[in-house]
Amino acid sequence: MSDTEVETFAFQAEINQLMSLIINAFYSNKDIFIRELISNSSDALDKIRYQSLTDKSVLDSSPDLKIDIETNSEAKTWTIIDTGIGMTKADLVNNLGTIARSGTKDFISKMSEGKADITMIGQFGVGFYSAYLVADKVVVHTKHNDDEQYVWESEAGGHFTIRRDTGPSIGRGTKIVLFLKEDQLDYLEERKIKDIVKRHSQFIQYPIHLLVKKEEEKEVDEPEEEKKEDSEKTEEEKGEKKKKKVKEIKHEWEQLNKNKPLWLRNPSEITKQEYADFYKGLTNDWEEHLAVKHFKVEGQLEFTAMLFVPKRAPFDLFESRKKPNNIKLYVRRVFIMDNCEELIPEWLTFLKGLVDSEDLPLNISRELLQQNKILKVIRKNLIKKAIEMFVEIKENKEDYKKFYESFSRNIKYGVHEDSESRAKLADLLQYHSTQSGEEQTTFKDYVTRMKPDQKGIYYITGESRKAIENSPFIEGLKKRGIEVLFMTEPIDEYAMQQLKEYDSKKFICITKGGVDLGETEEEKKAGEEEKKSFENLCTIIKDTLGDKVEKVVTSTRIVQSPAVLVTGEHGWSAYMERIMKAQALRDNSMSSYMVSKKTLEINPKHPIIKELKKKADADKSDKTVKDLIWLLFETSLLTSGFSLDEPASFASRIHRMIKLGLSIDDDEDVVDEDLPPLETSATSTDEGSKMEEVD
């Protein structure tokens, strides 16, 4: 080939089609052409470095392994230069256009259908073609140690040319010049290039330099003013020359990736301060992290990960519109994305950090990530290591207190969502109880305090500790010295639906029916006698309340309260019913299935119930008895954690009781003494007319 001879080649048909497909399908974000070209340069540098391990002379032509980026506003060009392995003429022909790998047609058709195995895509030079997102024309200058320097050129019109390069020598490596489209000239801006490199390629292991403009102020001699009288100058002024400041523009190389990949270093060699600085740079958090897990997985697949737990929960932790997660995905030190939903489950979205995979392909679409088997293995390992980190945090009481205050709802969400990790997560849960005082207790500690004949782990749910610690449901258990856990968050209701037992001990909600308190034979016998004795009262109460309750029975679970309302064993608890009623988009038809029939349990030892029994036995149609039954039912609704369906009728019953206490007749008219009577003087009437006019 002579120095001036130009050879023209047609793009292979499948390559042409693949190029069109990739540009349209994958690269909607044009910024990533920079990522792809830097990544290709990094790969070329890897190859020459590998060769230099056995033959150091291969580096003689260009000893420094680096990547340089420069722009030219006048020519509208964007250039990247590396000192990598370079390409021979045959490499240019084969790699940039004419020879597609075997199976290209199958790959294209499957990719069009969304069925392609994306791990094959790296074999097709996809990253290079992303340059045409922003450029009309691309010129590649390349020099391999085993060949001459050549120029590859194409305007993506179905063909490309190759000729020997007669221009300045590049030593070794590749120089790619992009002639930018008119609407893509913002990629000439230094700030934009810096931002993109920082976001996507700051951890590439070779230095990336950008040629930047720097303005410097310089002092130069100022010409003396003409005809200035010598007599006006002092001797000192005569000896001095006047200076003036002028701005001078210089060009210099600035390194863009000063942060070396911390995750590639041995964790034992990294200081706490280094982790803290890295965390702040990665997340823009103003505080240091609470804990970090830095690990490497090797075997069938290889990846490194760093997971950080922040000191406090973000304000938008459970905001539905926030970013899916804070784990950045890198592939061989190249940033791919920071919102990969498949990388970590929703309950762990508070974690921050990164994953650097050696096995995932660089050019991967979000749709195909969902089907990627490598990602599923990474996800499983991240969950496992995250739980290990939480267990480590638990060893420090103060740290775990901070962690639990901020992220306990996430752990409970994990109990609900993650069946595989449920048992391990259960060990992390803590609750106040009837015996724990101000400290919280774990399930493990609870089990060690259980009575020998205790049937299970008892718990109660409600809106606050204050609301449930004096609940009538606890009375019988307290009397027997049985501990009850207080669960006061809505997520507890959902978590306990999935967490059926712990250490082979069944969880028992004490606000539901079927609670066995471990009664003695004597207590059971006494209960049967009371049941017979109060059978008539139970029937009257049921007839009065109608379908408000399913049945009325005597109870041993209450000691100081006259009555409670319990729900069915498999339906919603009182607290769950309130939660569901508060849902903005609730389905009323679903509610009717899940709302349990209520059972009114009365305390036969309570004086109110005893007196009510006497009155009912004397006259079952007594209006006062019915009124008291309704009052008893509505107060039981409130103390049992339900909301009133008819608060106005409850209020009127209370008002009647107040009147009775104050000896006020029901027939007496209510007169508001602060208001004047309706029939007043003419003046008042006129004033009323004026108000009507205003209305």
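Residues numbered from 1 in each chain as written. Predicted model: local features only at pLDDT ≥ 70, side-chain atom pairs only at ≥ 80, totals over all residues. Heavy atoms only, no water.

(A) The arrangement of the environment of Glu634 in detail. Mapping Glu634 onto the fold places it in helix α22 (residues 623-639). Accessibility expressed as a relative area gives 6% for Glu634, which makes it buried. Between the C-alpha atoms of Glu634 and Phe650, which are 16 residues apart in sequence, the distance is 6.9 Å. Dropping the residues within four chain positions of it, Glu634 is found in contact with Leu644, Glu646, Ser649, Phe650 and Arg653. In terms of polar contacts, Glu634 uses its side chain to reach the side chain of Arg653, at 3.0 Å. (Helix = DSSP H or I, 4+ residues; strand = E, 2+ residues; numbered from the N terminus. Buried < 20%, exposed > 50% of the residue type's maximum accessible area, 1.4 Å probe, protein only. Contact = heavy atoms within 4.5 Å. Polar contact = N/O pair within 3.5 Å; in protein donor to acceptor, adjacent residues only side chain to side chain.)

(B) The arrangement of the nonpolar core in detail. Of all hydrophobic cores here, the largest spans 76 residues; its most connected members are Val309, Leu351, Ile378, Phe390, Phe403 and Phe443. Broken down by element, this core gets its largest block of residues, ten residues, from helix α10 (residues 373-394). Setting aside anything within four residues of it in sequence, one finds Phe403 in contact with Leu290, Val309, Phe350, Phe390, Ile393, Ser408 and Ile411. Ile15, Phe33, Val93 and Tyr132 belong to the second-largest nonpolar core, a separate cluster that totals 50 residues. (Core = buried A, V, L, I, M, F, W, Y, C linked by side-chain atoms within 4.5 Å.)

(C) Seen up close, the environment of Leu211. Relative to the helices and strands, Leu211 is located in strand β8 (residues 208-221). For Leu211, a relative accessible area of 22% corresponds to the partly exposed category. Setting aside residues up to four positions removed in sequence, Leu211 forms contacts with Ile69, Glu70, Glu190, His251, Glu252 and Trp253.

(D) Molecular detail of the pattern of salt bridges. In this structure the tally under the stated criterion is 32 salt bridges. Arg465 is the partner of Glu469 in a salt bridge, and the nearest nitrogen-oxygen pair spans 3.5 Å. Salt-bridge contacts for Asp645 lead to Lys548; the nearest nitrogen and oxygen are separated by 3.9 Å. Remark: Lys548 occurs in the loop between α18 (535-545) and β21 (551-554) and Asp645 occurs in the loop between α22 and α23 (647-661); sequence separation between them is 97 residues. Taking the relative accessible area as the measure of exposure, Asp645 reaches 56% and is therefore exposed. What emerges from the salt-bridge pattern is a single network uniting Lys194, Lys214, Glu252 and Glu254. (Salt bridge = Lys/Arg side-chain N within 4 Å of Asp/Glu carboxyl O.)

(E) A nonpolar patch on the surface, seen in detail. On the surface, a cluster of nonpolar side chains totalling about 330 Å² of accessible area is made up of Ile654, Ile658, Leu662 and Ile664. Examined against the element boundaries, Leu662 turns out to sit in the loop between α23 and α24 (682-694). (Patch = residues over 30% accessible without salt bridge, like charges linked within 9 Å, V, L, I, M, F, W, Y side chains within 5 Å. Areas by Shrake-Rupley, 256 points an atom, 1.4 Å probe, with all protein chains shown as cover.)

(F) Region of interest: the packing of aromatic side chains. Following the criterion strictly, the structure yields 24 aromatic pairs and no others. Seen in terms of ring centroids, Phe33 and Trp78 are 5.2 Å apart; in terms of plane orientation they differ by 70°. Their pairing is edge-to-face. Note that Phe33 is positioned in helix α2 (residues 32-52) and Trp78 in strand β3 (residues 77-82), a separation of 45 residues in sequence. Of the residues examined, Trp78 reaches a relative accessible area of 0% and is grouped as buried. For the ring pair Tyr459 and Phe507, a centre distance of 6.4 Å and an interplane angle of 75° mean the geometry is edge-to-face. On the criterion of sequence distance, the pair formed by Tyr459 in strand β17 (residues 456-461) and Phe507 in strand β20 (residues 505-509) is long-range, its members being 48 residues apart. With respect to class, Tyr459 is no different from Phe507; both count as buried. Cluster of aromatic residues (ring-pair linked, three or more members): Phe350, Phe390, Tyr400, Phe403, Tyr404 and Phe407. Between the NZ or CZ atom of Lys192 and the centre of the ring of Tyr187, over which it lies, the distance is 4.4 Å. Above the plane of the ring of Phe295 lies Lys385, whose end atom (NZ or CZ) is 5.5 Å from the centre. (Phe/Tyr/Trp six-rings, centres within 6.5 Å; stacked < 30°, edge-to-face > 60°. Lys NZ or Arg CZ within 6 Å of the ring centre and 35° of its normal.)

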